[in-house]
Amino acid sequence: MTQRFFYGWVVLAAAFVIITMSIGTLFTLGVFLRPIEESMGWSRSGIGAIGLFNWIVMGAGGVVSGFVSDRLGTRRVVLVGAMLLGLGLVLSSYVQDAWQLYVTFGLLVGAGVSAFYVPLTVLAIKWFEGRRGMAASVVSAGNGLGILALAPLTRWLINEFDWRVAFLVLGNLAWVVVLPTALLLRPPAGGQPSGKLPSSSSSLSNAGAQKWPPHSPSGGQPFTAPSPVLGSALGSPWASWPFWAIALTHFCCCAAHSGPLFHLVSHAMDQGVPKMAAAGILGASGLTSIFGRIGTGIVADRVGAKGTLLSALSLQAALIFLYLFATSAGALWALSLAFGVAYGGAMPLYALVTREYFGERVLGTAYGGVFFISCIGMGLGSYAGGAIHDLLGTYQWLFLGSFAIGMMAIVLGVTLRAPVAVPVPRPSPAMGA
């Protein structure tokens, strides 16, 4: 008998491609930073503020898209996001004033990308119940490939033409790639959206948490759902401390690594690294982040998400501190390769921890809130780097501040207590199958 093809692999591949194209475009703003500064005379802090606005819009949109996808399905949300993403990038090629770039890249691109990460991560987790860490990490790995592919491509387009043509090409590429790929998305059998959220009386067991964890570290002993430690209905995850512990850890994690990432190309060029090589350094961090994301997702499926997350956060903080001493091209290449593993390894784990507390049926809503708060951290890091450089003419204080915030992420992560898992006795032979 021929085994039926598992369509979840198609959904996972489609999600990976969409995230590659969409998240990759966000990080190209760091490549555009110097060319726009030199062409338009705008300050680095002013352009960095566009990144801040972009991430805030993306985070707020993530809350909305997570909620809407719980009700109407992922495909519709992603198709709308694809239209906005391409439109924002194309219109960015025509801007003449800074406020116009706030609207095109900050608002439209941010709103477009917000329709992707949360709904696609949730959809992948639903398809791969037994391997949630692997599914979330593959979706997250699209971030790394996006940086690896689009940062050098953007730099090449700017070198060969100019930054306006680069925006135009990226916008059309977004439409060509994301729109047809989104048509491949579908929910798992029995996962069709009902048009309404679960009732507040729903239990963690009904939310699908009875399958937690996918691989028990205790040697295969089956577990029931975590005890309802939240003290609140599933419909109101924001009222619990676990939500805020996860969200604030994610916030500090993103605030710590976003500044060094966003300004990595400019920092390398300030150290005398050639333009294409500087873009390559950023791309290299994206490459190794793929291995970090997939590796920690697989490890978390077996040993738990929290311990894996704390290890990644510790490595991230240490590497940020080492940027203070990296001034040569070789040192920046080596450090950025390791940095990609660290920050990439942390990112997919927040969805897993959120899933452990809040179950599957409200995962879009709960993780959307966590994602929104983390996006504020991403934006603040991007803006702070530009403001610090404009004020002091160096990124050294950015790396010091990012290191301190990275240490705070570790402290907050330690405060998060794992849900209590209650062993389920195996049925005796007398009870029947």
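This text goes with the structure placed above it.
Quick caveat, the model's predicted, so the values are computed rather than measured.

## Some remarks on empty space enclosed by the protein
The full count for this structure, using the stated rule, is 3 cavities of 30 Å³ or more. The wall of the largest cavity is formed by 17 residues, among which F27, W55, N143, M347 and M378 lie closest to the centre. If you list the elements that add at least two residues to the lining of the largest cavity, you get α1 (8-40), α2 (44-72), α6 (132-160), α8 (241-262) and α14 (363-392). When residues in the lining of the largest cavity are grouped by element, the largest group, 4 residues, is from α8. Residue composition of the lining of the largest cavity, grouped by class: 12 nonpolar, 4 polar and 1 charged. By volume, the second largest cavity is sized at about 80 Å³. L26, F27, L29, G51, N54, W55, F105, S258, F262, M378 and S382 together form the lining of the second largest cavity. Those elements that place two or more of their residues in the lining of the second largest cavity are α1, α2, α8 and α14. Residues that form the lining of the second largest cavity fall into these classes: 7 nonpolar, 4 polar and no charged.

## Considerations on the side chain of S285
Considering the arrangement of structural elements, one finds S285 in helix α10 (residues 275-303). Under the relative-accessibility criterion, S285 is labelled buried at 0%. Excluding residues within four positions of it along the chain, S285 makes contact with L261, S336, G340 and Y343.

## Brief notes about the pattern of salt bridges
Scanning all chains against the criterion turns up 2 salt bridges. One salt bridge in this structure joins R34 and E38, with 3.3 Å as the shortest N-O distance. Remark: E38 and R34 occur in helix α1; sequence separation between them is 4 residues, near one turn of the helix. Overall, R34 belongs to the buried group, its relative accessible area being 17%. Taking relative accessible area as the criterion, E38 reaches 53% and is therefore assigned exposed. Residues R34 and D270 are paired through a salt bridge, measuring 3.3 Å at the closest nitrogen-oxygen approach. A residue pair is termed long-range when its members are at least 10 positions apart, and R34 in helix α1 and D270 in helix α9 (residues 264-270) qualify at 236 residues. Of the residues examined, D270 reaches a relative accessible area of 36% and is grouped as partly exposed.

Conventions used here
- Sequence order sets the numbering: in each chain, residues are counted from 1 along the sequence as written.
- Where local features are concerned, this predicted model is filtered to residues with pLDDT of at least 70; where side-chain atom pairs are given and counted, the filter is 80 or more; whole-chain, interface and lining totals use all residues.
- Computation of side-chain values covers all heavy atoms of the structure but excludes hydrogens and water.
- Here a cavity is any set of points on a 1 Å grid over the protein atoms alone where a 1.4 Å probe fits but cannot get out, and a pocket is any open set with protein on both sides within 12 Å along at least 5 of 7 lines; a residue lines the site when it has an atom within 4 Å of a point.
- Grid points are joined across faces, edges and corners, and a volume is the space filled by probe spheres set on the points.
- For the purposes of this entry, the term helix denotes a DSSP run of H or I that reaches at least four residues, the term strand denotes a run of E that reaches at least two, and both are numbered from the N terminus.
- Residues were grouped as follows: Ala, Val, Leu, Ile, Met, Phe, Trp, Tyr, Cys and Pro as nonpolar; Asp, Glu, Lys and Arg as charged; and all remaining residues, including Gly, as polar.
- Each residue is placed in one exposure class: buried if its accessible area under a 1.4 Å probe, protein chains only, is under 20% of its type's maximum, exposed if it is over 50%, and partly exposed if it falls in between.
- Should any heavy atoms of two residues lie within 4.5 Å, those residues are counted as being in contact.
- Salt bridge, as used here, is a side-chain nitrogen of Lys or Arg placed within 4 Å of a carboxyl oxygen of Asp or Glu.

Everything listed is a geometric property; what it means functionally is a separate question.
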